[in-house]
Amino acid sequence: MQLIQTLDGSYTLKHDSKGHYHSIAGARQEALLKFVKPALTTELLKKDKLVILDFCFGFGYKTACLLDVLGINEKKLIIYGLEIDKTLLNKIQDLPDQFRHYNLIKKLINQNPLIQDKLKLQLIFGDARKQIKKIQERIDICFYDPFSPSVEPGLWTEKCFRSVYKIMNKGGVLTTYSCARTVQENMQKAGFIVKNGPEIGRRGPSTIGYRSCKNKICNQNRIINCCNYKQTNRPVYGFAKRQECASSS
Ligand SMILES: C[S@@+](CC[C@H](N)C(=O)[O-])C[C@H]1O[C@@H](n2cnc3c(N)ncnc32)[C@H](O)[C@@H]1O
């Protein structure tokens with residue numbers, strides 16, 4: 001598998017038949033702007049423990065980016081990664097460290113689950129549609145990242161989204177890069193409140209799915225913290241931006 005530099009300077013790889021593992025417009029920017037940032041609502045940031053599902057873990061960019069943003073000492077983080085291809089673990093070892101916490105992803109090769117400070121990170125190998133049943137805890141955040149719907153339609157079905165929705169806490173958030181109409185419809189049918197996420201480059205928006213929250217406080221405006229990677233692998237924090245809470249609609 002060949003290492004390919006994306007437009008933000010970070011690297012991706014290309015699967016022989018299924019396409020790139022990350023956006024060629026910027027693998028690191030995609031992780032931050034399409035997955036991590038939209039998932040971190042004010043309500044979730046207030047919790048002292050978050051349970052995260054990295055659905056189609058791949059090279060772990062979304063998890064690494066989340067660790068860069070939240071750190072590993074502030075709150076308890078329990079992260080489950082579902083991945084079918086065990087051979088990727090060896091390839092992770094050869095990748096450059098493009099995230100401050102990528103060393104923790106590399107540690108998984110010899111230590112799974114990895115438990116360090118307030119972090120527990122566990123990879124579960126096999127078909128995510130089956131393995132999701134092994135997760136006993138309710139999740140707050142899901143990074144949903146299979147190959148594209150045209151390549152892997154079976155991973156973007158209503159049934160698949162329902163299996164995630166079922167184990168989500170109220171107020172939970174699913175983020176994904178795809179904005180395909182069928183994807184958004186299937187998410188809605190599964191129970192999610194669906195909103196368009198941010199656009200990066202000239203591609204369409206991403207998608208955010210909220211599991212609605214009965215708690216009135218959650219139904220007030222959410223503040224999304226704004227941060228960005230600026231040429232370095234350290235997220236730079238900027239201003240905070242108000243966003244209407246999806247659960248209130
Ligand atoms: C787009 S890549 C994910 C990239 C990854 N999230 C990252 O940030 O590095 C899709 C991943 O889904 C995995 N995959 C494909 N079918 C799967 C399945 N049925 N269950 C779990 N993982 C699967 C592939 O091996 C591949 O690693």
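Residues numbered from 1 in each chain as written. Predicted model: local features only at pLDDT ≥ 70, side-chain atom pairs only at ≥ 80, totals over all residues.

The buried count for strand E5 (residues 76-83) comes to seven of eight residues, which makes it a mostly enclosed element. Sheet topology note: the strand E4 (residues 49-55)/E5 ladder contains seven bridges and is parallel. Residue isoleucine 52 lies in a different strand from E5, and its bridge partner there is isoleucine 79. Viewed along the sheet, the connection from E4 through helix H3 (residues 61-70) into E5 turns out right-handed. Direction of pairing for E5 relative to strand E7 (residues 119-125): parallel, over a ladder of seven bridges. Its bridge partner lying in E7, leucine 82 is registered against isoleucine 124. (Buried ≥ 20, exposed ≤ 12 C-beta atoms within 10 Å, placed from the backbone. Helix = DSSP H or I, 4+ residues; strand = E, 2+ residues; numbered from the N terminus. Pairing = 2+ DSSP bridges. Right-handed = clockwise from strand over helix to strand, strands pointing away.)

So, on to the confidence of the model for the chain. Taken as a whole, the chain shows an average pLDDT of 87; of its residues, 84% reach a score of 70 or greater. The low-confidence segment residues 216-227, where pLDDT is below 50, has 39 contacts with residues more than four positions distant or belonging to other chains. (pLDDT = per-residue confidence, 0-100. Contact = placed C-beta atoms within 7 Å.)

Quick look at the sheet that holds strand E1 (residues 3-5) now. Strand order across the open sheet formed by three strands is E1-E2-E3, with antiparallel pairing between neighbours. Pairing within the sheet leaves two strands with one partner each, and these edge strands are E1 and strand E3 (19-20). Relative to strand E2 (residues 11-15), E1 runs antiparallel, the two sharing three bridges. Across the sheet, residue leucine 3 finds its bridge partner in E2, namely leucine 13.

All right, on to the site of the ligand then. Around the ligand sit 21 residues in total, of which Cys56, Gly58, Phe59, Tyr61 and Ala128 are the nearest. Elements supplying a minimum of two residues to the shell around the ligand: H3 and E5. Looking at the shell around the ligand residue by residue, the classes come out as 12 nonpolar, three polar and six charged. (Near = placed C-beta within 6 Å. Nonpolar A, V, L, I, M, F, W, Y, C, P; charged D, E, K, R; others polar.)

The next subject is the pairing of E2. Between E1 and the antiparallel strand that follows it, E2, lie five residues; glycine 9 among them carries a positive phi value of about 95°. In this sheet, E3 lies alongside E2 in antiparallel orientation, the contact comprising two bridges. Across the sheet, histidine 15 pairs through a bridge with glycine 19, a residue of E3. With antiparallel pairing between neighbouring strands as the criterion, E2 and E3 make up a hairpin whose turn holds three residues.

Now for the packing of helix H7 (residues 158-166) against helix H8 (residues 181-190). The geometry of H7 relative to H8 is characterised by a closest axis approach of 8 Å and an angle of 45° between their N-to-C directions. Accordingly, the angle class assigned to the pair H7 and H8 is oblique. Crossing handedness for the pair H7 and H8: right-handed. Contacts from Glu158, Phe161, Arg162 and Tyr165 of H7 reach H8 at Asn186, Met187, Lys189 and Ala190. In terms of residue class, the contact of H7 with H8 is built from four nonpolar, one polar and three charged. (Axes fitted to C-alpha atoms, helices over the stretch in contact; angles between N-to-C directions. Parallel < 35°, antiparallel > 145°, perpendicular 65-115°, else oblique. Left-handed = near helix turned anticlockwise from the far one by under 90°.)

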